[in-house]
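Close look at the chain arrangement
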Amino acid sequence: MLKGIAASSGITIAKAYKLETPEIVIECKQSNPAEEIEKFNKALEQSKKDIETIKEKATGRLSEDDLKIFDAHLMVCDDPALCDGVIDKINSESVNADYALDAVAGMFISMFESLEDAYMRERAADIKDVTRRIKYHILGVNIADLSLIDEEVIVVAHDLTPSDTAQLNKKYTKGFATEIGGRTSHSAIMARSLEIPAVVGVTNIMSTIKHGDMLILDALKGKVYINPDEETIARYRVEAKRYEEEVAALREYKDKATVTVDGHHIELAANIGTPNDVAAVLENGGEGVGLYRTEFLYMGAKDWPTEDEQFEAYKKVLESMGGKPVVVRTLDIGGDKHLDYYEFPEEMNPFLGYRAVRLCLDQKDIFRTQLRALIRASAYGKLRIMFPMIATIDEFREAKGVYEEEKAKLVAEGVAIGDDIQVGMMVEIPAAAVLADKFAKISDFFSIGTNDMIQYSMAADRMSEKVSYLYQPFNPSLLRLIKMTIDGAHAHGKWAGMCGEMAGEPDAIPVLLGLGLDEFSMSATSILRARKIANSLSYAEMKELAAKALEMETAEEVLELIRSTVK
Ligand code: PEP
Ligand code: MG
């Protein structure tokens with residue numbers, strides 16, 4: 001049994017599907033040309049078959065436009081300049097097929113990459129992708145591919161990028177376990193919104209588990225059992241059923257208000273990544289969207305999304321939420337979130353670097369496009385705009401200034417816009433929490449991002465399992481930063497929410513309630529349990545509990561206090 005971090009709840013029993021990108025070494029060897037040409041042709045045919053299968057599986061799941069990538073890949077396989085070039089090289093130099101392919105493809109790749117034209121550069125990426133597949137076939141290396149999965153499996157990988165996670169097909173992917181990552185890495189967050197059980201940060205998982213091993217993924221306790229005995233499997237089948245029943249029993253809270261036994265109301269909202277997530281928000285009784293991570297719109301695109309594309313997405317979310325508040329966060333790219341069409345500067349610490357509002361204030365055309373799309377969409381619902389990673393008053397003023405300019409332009413153009421747009425900020429950098437009483441004069445609301453606030457206040461990279469013990473939501477130091485933020489907001493009649501993962505943690509709800517948090521935003525699947533908890537608590541008692549927690553010394557003491565007070 002291996003231990004990791006439970007990142008998305010559930011229990012699954014299935015075979016392991018190991019996702020590996022093996023390192024291959026290509027060497028030049030004197031060889032028999034006829035044999036090498038046969039190897040090459042066979043590998044080429046196998047690769048074509050793979051691509052056709054992947055395309056077939058993706059049909060219906062991807063847009064017509066996205067499917068075209070596979071046709072481009074098939075064209076590479078049929079390209080005479082490439083194929084004849086490889087065969088000529090094998091014949092004239094008596095070299096091995098993989099070496100000849102690597103040399104000829106390498107030439108085309110550098111040629112296309114050196115061109116300015118974005119279309120041509122994409123061709124370089126296509127050739128790279130296809131020739132890697134052909135090389136693997138020549139060398140007899142197993143190619144793992146998420147879209148080739150066609151049976152129920154648990155995906156095991158060193159890491160899954162957010163875009164890998166987005167590709168997972170829920171029908172077959174019954175869970176995943178990765179070597180790196182923490183509870184708040186973006187793959188973990190996406191797993192929760194896709195409702196795929198996940199355990200992350202499992203040390204040595206790749207060297208211990210073999211492709212096809214039977215696994216039990218206990219994503220409630222963060223355990224992975226490898227080839228378990230019948231007795232353990234039977235015990236887990238019972239456990240999985242119990243968990244399913246518990247989840248089903250929470251349905252009764254769907255249409256209830258969120259109110260403590262002594263009449264204190266709070267709002268339970270959901271975090272979403274795409275307009276498609278809204279259905280789950282409503283199904284789970286969400287009272288609003290507390291965080292729409294718009295970067296996923298950018299990450300799923302081939303180029304910067306246009307104003308109209310963005311407008312359609314934002315309008316869809318606002319309309320589907322039917323007048324309930326929707327907090328849309330402006331682009332928070334960087335850190336562990338990348339774009340295929342934009343090269344980030346090399347940095348030693350990307351989470352401390354060029355990301356989020358820092359990038360937007362530096363490249364204002366990108367920012368303006370998004371703000372215009374948002375302001376236009378405001379006519380269709382109750383929009384709240386929020387800037388991520390605000391560290392200084394000047395940054396907030398500058399970002400708000402750009403918003404005001406775009407709003408004024410749209411008004412002058414006669415565009416209809418909503419009359420109660422609020423403009424707020426994420427409080428996720430300790431500097432902003434400490435100065436919350438000043439920020440509250442100029443910001444309409446705060447949303448506390450504990451995922452980043454914890455990594456910055458503890459100086460512990462949220463992606464590193466080695467320092468994951470420092471992810472301490474219950475540390476009194478963090479509780480004090482949260483208190484400063486909430487008190488700062490309330491002193492100026494503003495509201496304070498939280499959209500970091502802490503907001504949905506059952507043990508955290510009592511103390512956050514006691515600290516006076518107004519809005520809790522979490523993955524949609526956490527809402528019903530949170531409502532059950534909140535509705536069983538007394539606000540007066542939780543205020544006392546919070547006051548005691550703030551005076552404690554360690555996270556363990558706080559957790560112990562909460563668990564002994566709230567049964
Ligand atoms: C956070 O930092 O808590 C947050 C909600 O934002 P993200 O996880 O996208 O950085
Ligand atoms: Mg953040």
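The notes below deal with the structure included here. (Residues numbered from 1 in each chain as written. Chains lettered and ligands numbered in written order. Predicted model: local features only at pLDDT ≥ 70, side-chain atom pairs only at ≥ 80, totals over all residues. Heavy atoms only, no water.)

A few words on the coordination of the magnesium ion (ligand 2). Six octahedral donors at a metal ideally form angles of 90 or 180 degrees, and four tetrahedral donors ideally form angles of 109.5 degrees. Taken together, E428 (OE) and D452 (OD) make up the protein donors of the magnesium ion (ligand 2), found 2.0 to 2.1 Å from the metal. You can see E428 sitting in the loop between β13 (422-427) and α16 (430-434) and its partner D452 sitting in helix α18 (residues 450-458), a full 24 residues away along the chain. A relative accessible area of 2% means that D452 is categorised as buried. (Donors = N, O, S within 2.8 Å, 3.2 Å for Na, K, Ca; no water. Helix = DSSP H or I, 4+ residues; strand = E, 2+ residues; numbered from the N terminus. Buried < 20%, exposed > 50% of the residue type's maximum accessible area, 1.4 Å probe, protein only.)

Another point: the pattern of salt bridges. Per the counting criterion, the structure on display carries 36 salt bridges. The salt bridge partner of R531 is E287, with a shortest N-O separation of 3.0 Å. Pair noted here: R531 is in helix α21 (residues 527-534) and E287 is in the loop between α10 (278-283) and β10 (289-293), with a separation of 244 residues, a long-range link. By relative accessible area, which is 0% here, R531 ends up buried. When the shortest N-O distance is used, the salt bridge between E307 and R372 registers 3.0 Å. Separated by 65 residues along the polypeptide, E307 in helix α12 (residues 307-320) and R372 in helix α14 (residues 364-377) bring together distant segments of the chain. According to the relative accessible area criterion, R372 is buried, its value standing at 15%. (Salt bridge = Lys/Arg side-chain N within 4 Å of Asp/Glu carboxyl O.)

Here the focus is the side chain of D277. Topologically, D277 is positioned in the loop between β9 (267-272) and α10. Salt bridges are absent for the buried D277, whose nearest opposite-charge side chain, R293, sits at 8.4 Å. In this view, D277 contacts S193 and I272; residues no more than four positions away in its chain are not counted. (Lys, Arg positive; Asp, Glu negative; His and termini not counted. Contact = heavy atoms within 4.5 Å.)

Moving on, we get to the sheet that holds strand β16 (residues 519-522). Sheet architecture is closed into a barrel: eight strands sit in the order β9-β10-β11-β12-β13-β14-β15-β16, paired in parallel fashion. Averaged over all pairs of adjacent strands, the angle between strand axes in this sheet comes to 25 degrees, irrespective of strand direction. Bridge analysis of strand β11 (residues 325-329) against strand β12 (residues 382-387) gives five bridges, and the strand direction is parallel. Pairing of P325 across the sheet is with K382, part of β12. Here α12 sits on the sheet in contact with β9, β10, β11 and β12, set at roughly 160 degrees to β10. Of the strands in this sheet, β11 and β12 touch α14, which is tilted by about 160 degrees from β12. (Pairing = 2+ DSSP bridges. Axes fitted to C-alpha atoms, helices over the stretch in contact; angles between N-to-C directions.)

This part is about the site of ligand 1. By nearness alone, 17 residues border ligand 1, and R293, R329, G449, N451 and R462 come closest of all. R293 places a polar side-chain atom, nitrogen or oxygen, 2.8 Å from an oxygen atom of ligand 1. Between ligand 1 and R462, the relevant distance is 2.7 Å, taken from an oxygen atom to a side-chain nitrogen or oxygen of the residue. When isolated, ligand 1 has an accessible area of 290 Å², and the protein chains bury 100% of it. The pocket occupied by ligand 1, as judged from atoms lying within 2 Å of grid points, is the largest cavity. Of all elements in the fold, only α7 (186-194), β10 and α18 reach the threshold of two or more residues within the shell around ligand 1. A total of three residues in the shell around ligand 1 trace back to one element, the largest contributor, which is α18. Split into classes, the residues belonging to the shell around ligand 1 amount to four nonpolar, five polar and eight charged. (Near = heavy atom within 4 Å. Polar contact = N/O pair within 3.5 Å; in protein donor to acceptor, adjacent residues only side chain to side chain. Areas by Shrake-Rupley, 256 points an atom, 1.4 Å probe, with all protein chains shown as cover. 1 Å grid on protein atoms, 1.4 Å probe; cavity = no way out; pocket = protein on both sides within 12 Å on 5 of 7 lines; lining within 4 Å. Sits in = over half its atoms within 2 Å of the grid points. Nonpolar A, V, L, I, M, F, W, Y, C, P; charged D, E, K, R; others polar.)

What follows deals with the packing of aromatic side chains. Going through the model one piece at a time under the given rule, you end up with 10 aromatic pairs. The interplanar angle of 70 degrees and the centroid separation of 6.0 Å between the aromatic rings of F311 and Y380 together place this pair among those described as edge-to-face. Note that F311 is positioned in helix α12 and Y380 in the loop between α14 and β12, a separation of 69 residues in sequence. For F311, a relative accessible area of 10% puts it in the buried group. (Phe/Tyr/Trp six-rings, centres within 6.5 Å; stacked < 30°, edge-to-face > 60°.)

The end-to-end C-alpha distance of helix α9 (residues 230-249) is 29 Å, a good match for the 28 Å that 20 residues give at a rise of 1.5 Å each. Looking at the buried residues of α9, the elements they touch are β3 (11-19), β7 (214-218), β8 (223-226) and α21. (Expected span 1.5 Å × (residues − 1).)

For the rest of this paragraph, the subject is empty space enclosed by the protein. All chains considered together, the criterion is met by two cavities of 30 Å³ or more. Its volume calculated, the largest cavity comes out at about 70 Å³. Lining the largest cavity are 15 residues; nearest its centre among them are R293, R329, E428, N451 and D452. Broken down by secondary-structure element, the contributors of at least two residues to the lining of the largest cavity are β10 and α18. Taken together, the residues of the lining of the largest cavity sort by class into three nonpolar, four polar and eight charged. Of the pockets and cavities examined, the second largest cavity occupies roughly 30 Å³. Contributing to the lining of the second largest cavity are V76, D79, L82, F108 and I127. Looking at side-chain class alone, the lining of the second largest cavity contains four nonpolar, no polar and one charged residues. (Points joined across faces, edges and corners; volume = space filled by probe spheres on them.)

On to the nonpolar core, then. Formed by 108 residues in total, the largest nonpolar core has its most connected members in F387, L479, I482, L512 and F520. Counting residues per element, this core draws most heavily on α14, which supplies seven residues. Non-local contacts of L512, meaning those with residues more than four positions away in its chain, are made with I482, M498, M502, A503, L517 and F520. A43, L82, V95 and F112 belong to the second-largest nonpolar core, a separate cluster that totals 29 residues. (Core = buried A, V, L, I, M, F, W, Y, C linked by side-chain atoms within 4.5 Å.)

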